[in-house]
Amino acid sequence: MNEGLIVLIRGIIAFITLLIFTRILGKQQVTQLTFFDYILGITIGSIAASLTTDLSSRAWPHWVGLATWTGSVFVLQWITMRSRAIAKYLNGEPVVLIMNGKIMENALRKIRFTVDELLEQLRHEQIFDLGKIEFAVLETTGKISILLKSQFAPLTPSDIKIATNYQGITTELIYDGVIIEENLKRVNLDRDWLDSQLKSLKIKSPGEVFLATLNTEGKLYVDKYDDHITAMINLSDFPNIK
Amino acid sequence: MIKFLLYKIIPAATLLLFILIMNSGDYLKGLIGGENNVSNYFPDLKREIASKQWTKAEADLVRMESNWRQVVKWIQFSEERDQLNNFQHTAARLQGYIIAQDQAGAYAELEELKETWNDLGR
């Protein structure tokens, strides 16, 4: 019996299983996770770790545990997608902490949230003056959403009636020196156009380019491998570390 | 079609392969060795211990252990480490009883060996 080999095989099984299961569960970002989602993640990870290294029991029961937890999360996601009432019951509801500029003390007490915690979260959102806030809502993810009083809200082009151009998602045309032909076709451009653009930037071949993107206004952004920067800003506290 | 293959078929086939590996112990333990499979030695050993043919019993036990080592190579990924070790330790104790020509002890260890074997993969 080779324990190292067993752990290696079981590790591969756990790793790939976890990869497949997390893809099944979707692409929720860490910042979007509720407290329950967070605990679920830890539990599933812990089972995967046991599956890898706990040789005192068979791999199968651990794998079944992993599948059970993932299946439960999937079922929960499916139910909450279909019923708003159940979603609110399971995930909780947002809580208004500041309303019309006034702190809701009862709401704070109910969710065991201190004023210090509220002020800290507001500072994270760059709010240092409570007088600027109209509404503050604690979301189910634990983050605070803030609506500023209209006189303190940032000015937008529509406020001063300035026309703006459409802005969409930029398209990657070259990545790591390789032209992405599919993306070129998608934006109705061809290789000749790209070559002429690169030529105008004194770039001889796409191989010199690390990343090239095209925005919806038709502007090309190009980053070459050779950045011509001789002295990098050193952020390290230690000497001689570059 | 490629998307279906990449996102459905390959993950499903991978999970199925893992399930088979993790549950293969019960099947593989009876397959390896063919006629010389570990379980085939139990009736012979029982008969030899009953008739006190100690030399023959010892030789059979050595052959069984050699076959067991082949079995372990295949079932180690699906079985408990403690159960695999337990089989080996029981076999070692059985050998001791056979050398000492202790019939009662040898019977007890042989029965434990059979039980451990039957529990593998379950």
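The coordinates are above.
Residues numbered from 1 in each chain as written. Chains lettered and ligands numbered in written order. Predicted model: local features only at pLDDT ≥ 70, side-chain atom pairs only at ≥ 80, totals over all residues. Heavy atoms only, no water.

### Overview of the overall build of chain B
To keep things clear, this is the line we draw: A run of H or I in DSSP becomes a helix once it reaches four residues, and a run of E becomes a strand once it reaches two; helices and strands are each numbered from the N terminus. Radius of gyration here is computed from C-alpha atoms only, and the compact-globule reference equals 2.2 Å multiplied by the residue count raised to the power 0.38. For every residue, the accessible area obtained with a 1.4 Å probe (protein chains only) is divided by the maximum for its type, and the residue is called buried under 20%, exposed over 50%, and partly exposed between those limits. We call two residues in contact whenever any of their non-hydrogen atoms come within 4.5 Å of each other. Surface exposure here means Shrake-Rupley accessible area, sampled with a 1.4 Å probe, where a residue is shielded only by the protein chains that are shown. By the counting scheme adopted, Arg and Lys are positive, Glu and Asp are negative, and His together with the chain ends is not counted. Note on charges: their place is set at NZ of Lys, CZ of Arg, CG of Asp or CD of Glu.
Tallying secondary structure elements over chain B gives 6 helices and 0 strands in all. When the helices and strands of chain B are listed from N to C terminus, the series reads α-α-α-α-α-α. For a compact globule of 122 residues, the expected C-alpha radius of gyration is about 14 Å, and chain B comes in at 19 Å, more than 25% above that figure. Taken over the C-alpha atoms alone, chain B extends approximately 70 × 25 × 15 Å along its principal axes. Looking at the 122 residues of chain B, the share that counts as buried comes to 39%. Of the contacts formed within chain B by residues at least 6 apart in sequence, a portion of 69% connects residues at least 24 apart. A total accessible area of about 6900 Å² is found for chain B, and carbon and sulfur atoms account for 57% of it. The averaged location of the 16 negative side-chain charges in chain B is 7 Å from the averaged location of its 14 positive side-chain charges.

### Examining the interface of chain A and chain B
One widely used convention gives an interface's size as the accessible area the parts lose upon coming together. Let me state the cut-off plainly: Two parts placed together each lose some accessible area under a 1.4 Å probe, and adding up what both lose gives the buried area. Within this document, salt bridges are pairs made up of a side-chain nitrogen of Lys or Arg and a carboxyl oxygen of Asp or Glu, the two lying within 4 Å of each other. Polar contact criterion, stated in full: a pair of N or O atoms within 3.5 Å, where within protein one must be able to donate a hydrogen and the other to accept it, and residues adjacent in sequence count only if both atoms are side-chain atoms. Just so you know the grouping, Ala, Val, Leu, Ile, Met, Phe, Trp, Tyr, Cys and Pro go in nonpolar, Asp, Glu, Lys and Arg go in charged, and all remaining residues, Gly too, go in polar.
Taken residue by residue, the interface counts 21 residues in chain A and 21 residues in chain B. Between chain A and chain B, a total of about 1900 Å² is buried, with carbon and sulfur atoms accounting for 69% of that surface. Across the contact surface, chain A and chain B share 1 salt bridge. Among the ionic pairs, E3 of chain A bridges to R81 of chain B, the shortest N-O distance being 3.5 Å. Counting across the chain A and chain B interface gives 4 residue pairs in polar contact (both at pLDDT 80 or more). Elements represented by at least two residues in the side of chain A that touches chain B include exactly α1 (3-25) and α3 (59-82) of chain A. With 12 residues, α1 of chain A is the single largest residue contributor to the side of chain A that touches chain B. A class-by-class count of the residues in the side of chain A that touches chain B yields 13 nonpolar, 4 polar and 4 charged.

### Remarks on the packing of helix α4 (residues 54-75) of chain B against helix α5 (residues 81-99) of chain B
The description of two packed helices rests on the angle between their axes and on the distance between the axes. Residues and elements named next belong to chain B. In plain terms, the rule: Note on geometry: axes are C-alpha line fits, over the in-contact stretch for helices, and angles between N-to-C directions span 0 to 180 degrees. Working definition: roughly parallel below 35 degrees, roughly antiparallel above 145 degrees, roughly perpendicular at 65 to 115 degrees, and oblique for all remaining angles.
Closest axis-to-axis distance for the α4/α5 pair is 10 Å, and the angle between their directions is 170°. In terms of axis orientation, α4 runs roughly antiparallel to α5. Listed contacts from α5 to W54, A57, E58, L61, V62, M64, E65, W68, V72 and I75 of α4 are L84, F87, Q88, A91, A92, L94, Q95, I98 and I99. Partitioned by chemical class, the residues of the contact of α4 with α5 number 15 nonpolar, 2 polar and 2 charged.

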